[in-house]
Amino acid sequence: MKTTINQKGFSLLELIVVLAGLGILSSLALPNFMRVLDFNNIDAVKALLNSAAADCLQNSRLTDSTAKNKINDSIVNATNLEQYGYKISDGKATCQQFSIESSSANKKDVRFPIGFSVIDGKLTKTAKPSSSDQGSMNSCKKWAGINCTVDDKLQKLLDHKKNIQDTKDKCTTNYEKFLKNPGNGETTKWDNDAERGCPDSPTENYKTSTCTTKGCVQKVWVLDSTPYYSKEAYDQAVTDKKGVICTAKLKEYEKDKKTNLHANGNPTALTPSECSPDKYWFFEGSDAGSKLKWQEKYHEKQLTTGKTTFSDGSTRYLCLGEDKKTQVLMETCISENESAACQLEIDKKKAEKFKGKFVAQAGGKGVCSDVNWLCEGENFKTDEDAFKASSCGVKTCAPKEVLKDPLPHIRCKYPSQWKKFGCTEISTTWCN
């Protein structure tokens, strides 16, 4: 039996048509496939960030600020983000502020910046759409909800809340140190009311008295490392321990706004016999508790600006009395603040032991136009009478034979008598 084999195949024209059709289909399918892949990558990094955020929340109970703000790099790191087309944003790699962004330079990339923030045990998710693609917008909102924002308002709020947390941590650390050493005197701790009104989402005016960095203001009086939250309770504790005579002496210092004798911010301890052998560090009627705390109060009051060494050997980078921690931040503060630059000039003149009246910048703002009466490293500010009463202000009259008044050397010897007897610059010379 003869078998017939059908050898008929496709013509060249048919093959061309089929291949062209496949090409068109692939050109339509490939972008959709890549789009699906991009959103799969976004979902993958969301899972990584959720795990990292959970770890940060767990660590927020820790007291060590470094440990509680450290991102667990076994959960999320540059390598595992790279495979999804993401990278960690510059300067945003802590639990307080963690953010990633697309590593692609393609402007049509649907992968948007995404992150989270864990501050004071509270999680806030953030995202900012980088594309008008509706799928990207939807993905952003699924992650961050109302915090999926196209402007910088949320970022500014988070920056503010981060500054509050950093200030709170610093305040708490200093307070705990004070309790241990010296454990005596007046100090401040963090007032929780300073942050209770901070919103979770951007508002028009979120910097209020209940959402402020100025929360290290709650006064505490400490005796032998025991805190007292009223002056009356502290005074009673002092009386119980040191007796009525010592307490009366300390209250006298308070009433007189006593400040320890000092040379250019370097104080000598007060050792009243009524309270022997205890030492005290009074600044304007308040016992600072230690030489170091006294210096902090002094430089804050003086608006000291510049690199300053304290009694414990530490270096502070001060700008208008505030420690900016680093040379760079201090210089930035000075360059951005006209008053800080003027204060630096005043402090330089003071360090040079300039004598007389000094104005940093006539007609300037703030301290720039203030009159400073300087004498041998001491600044009497605008108090000209205090300056005249100092060693720099003491004058004596010229030889009496050249003066008409036979008693000018008596009448004009003391600055307090100049106005009364009509003493003038012409009739006086500087003391040798």
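Definitions and limits used
- Residues numbered from 1 in each chain as written.
- Predicted model: local features only at pLDDT ≥ 70, side-chain atom pairs only at ≥ 80, totals over all residues.
- Heavy atoms only, no water.
- Buried < 20%, exposed > 50% of the residue type's maximum accessible area, 1.4 Å probe, protein only.
- Helix = DSSP H or I, 4+ residues; strand = E, 2+ residues; numbered from the N terminus.
- Pairing = 2+ DSSP bridges.
- Axes fitted to C-alpha atoms, helices over the stretch in contact; angles between N-to-C directions.
- Parallel < 35°, antiparallel > 145°, perpendicular 65-115°, else oblique.
- Contact = heavy atoms within 4.5 Å.
- Nonpolar A, V, L, I, M, F, W, Y, C, P; charged D, E, K, R; others polar.
- pLDDT = per-residue confidence, 0-100.
- Core = buried A, V, L, I, M, F, W, Y, C linked by side-chain atoms within 4.5 Å.
- Arc of directions from axis to C-beta.
- Salt bridge = Lys/Arg side-chain N within 4 Å of Asp/Glu carboxyl O.

**What about helix H4 (residues 134-144)?**
Here's step 1: Restricting attention to buried positions, one finds in H4 the residues Gly135, Ser136, Met137, Ser139, Cys140, Trp143 and Ala144.
Here's step 2: Immediately beyond the C-terminal end of H4, within one or two residues, lies Gly145, with a positive phi of roughly 60°.

**Details of the sheet that holds strand E15 (residues 356-358)**
Here's step 1: The sheet built from three strands is open, its strands ordered E15-E16-E17 with antiparallel pairing. Each of the sheet's edge strands pairs with one partner strand only, and the pair in question is E15 and strand E17 (378-379).
Here's step 2: One ladder, built from two bridges, connects strand E16 (residues 372-375) with E17; its direction is antiparallel. Bridging from a neighbouring strand, Leu374 pairs with Asn379 of E17.

**Focus: the environment of Glu322**
Here's step 1: By the secondary structure assignment, Glu322 is in strand E14 (residues 322-323).
Here's step 2: Along the sequence, Glu322 and Glu296 sit 26 residues apart, while their C-alpha atoms lie 9.0 Å from each other.

**A look at the packing of helix H9 (residues 327-336) against helix H10 (residues 338-351)**
Here's step 1: Two elements in contact, H9 and H10, have axes whose closest approach is 5 Å; the angle formed by their N-to-C orientations is 105°. With respect to each other, H9 and H10 are oriented roughly perpendicular. Contacts from Cys333, Ile334 and Glu336 in H9 reach Glu338, Ala340, Ala341 and Leu344 in H10.
Here's step 2: Of the residues in the contact of H9 with H10, the class split is five nonpolar, no polar and two charged.

**Quick look at the side chain of Thr124**
Here's step 1: With respect to the helices and strands, Thr124 occurs in strand E4 (residues 122-127).
Here's step 2: In this structure Thr124 touches Phe116, Ser117, Asn147, Leu158 and Asp200, once residues within four positions along its chain are discounted.

**Quick look at the confidence of the model for the chain**
Here's step 1: Looking at the chain as a whole, the pLDDT averages 83, with 84% of positions reaching at least 70.
Here's step 2: A low-confidence stretch, residues 396-409 (pLDDT under 50), is modelled with 20 contacts involving residues beyond four sequence positions or located in other chains.
Here's step 3: Below pLDDT 50 for its whole length, residues 425-432 participates in 18 contacts with residues either more than four positions away or in separate chains.

**Here's the deal with the nonpolar core**
Here's step 1: Judged by nonpolar contacts, the single largest core of 26 residues is most densely connected at Leu49, Ile100 and Phe116.
Here's step 2: Listed by contribution, the elements that provide at least two residues to this core are helix H1 (12-59), strand E2 (97-102), strand E3 (114-119) and H4.
Here's step 3: It is H1 that contributes the most residues to this core, eight residues altogether.
Here's step 4: Once residues within four sequence positions are removed from consideration, Phe116 is found in contact with Leu49, Ala52, Ala53, Cys56, Ile71, Cys95, Gln97, Phe98, Leu123, Thr124, Lys125 and Thr126.

**Considerations on H9**
Here's step 1: When H9 is considered as a whole, its buried residues turn out to be Met330, Cys333 and Ile334. The buried residues of H9 occupy an angular sector of 95° when the element is viewed end-on, so they sit on one face. The exposed set on the far side of H9, more than 90 degrees from its buried face, consists of Val328, Ser335 and Glu336.
Here's step 2: At its buried positions, H9 is contacted by strand E12 (306-309), strand E13 (315-319) and H10.

**Thoughts on the pattern of salt bridges**
Here's step 1: Here the structure, examined in full by the defined rule, presents 19 salt bridges.
Here's step 2: Here Asp193 makes a salt bridge to Arg196, at a shortest N to O gap of 3.2 Å.
Here's step 3: You can call Asp193 partly exposed: its relative accessible area is 41%.
Here's step 4: Here Asp235 makes a salt bridge to Lys251, at a shortest N to O gap of 3.2 Å. Of this pair, Asp235 sits in helix H6 (residues 231-242) while Lys251 sits in helix H7 (residues 244-255); the two residues are 16 residues apart in sequence, bridging distant segments of the chain.

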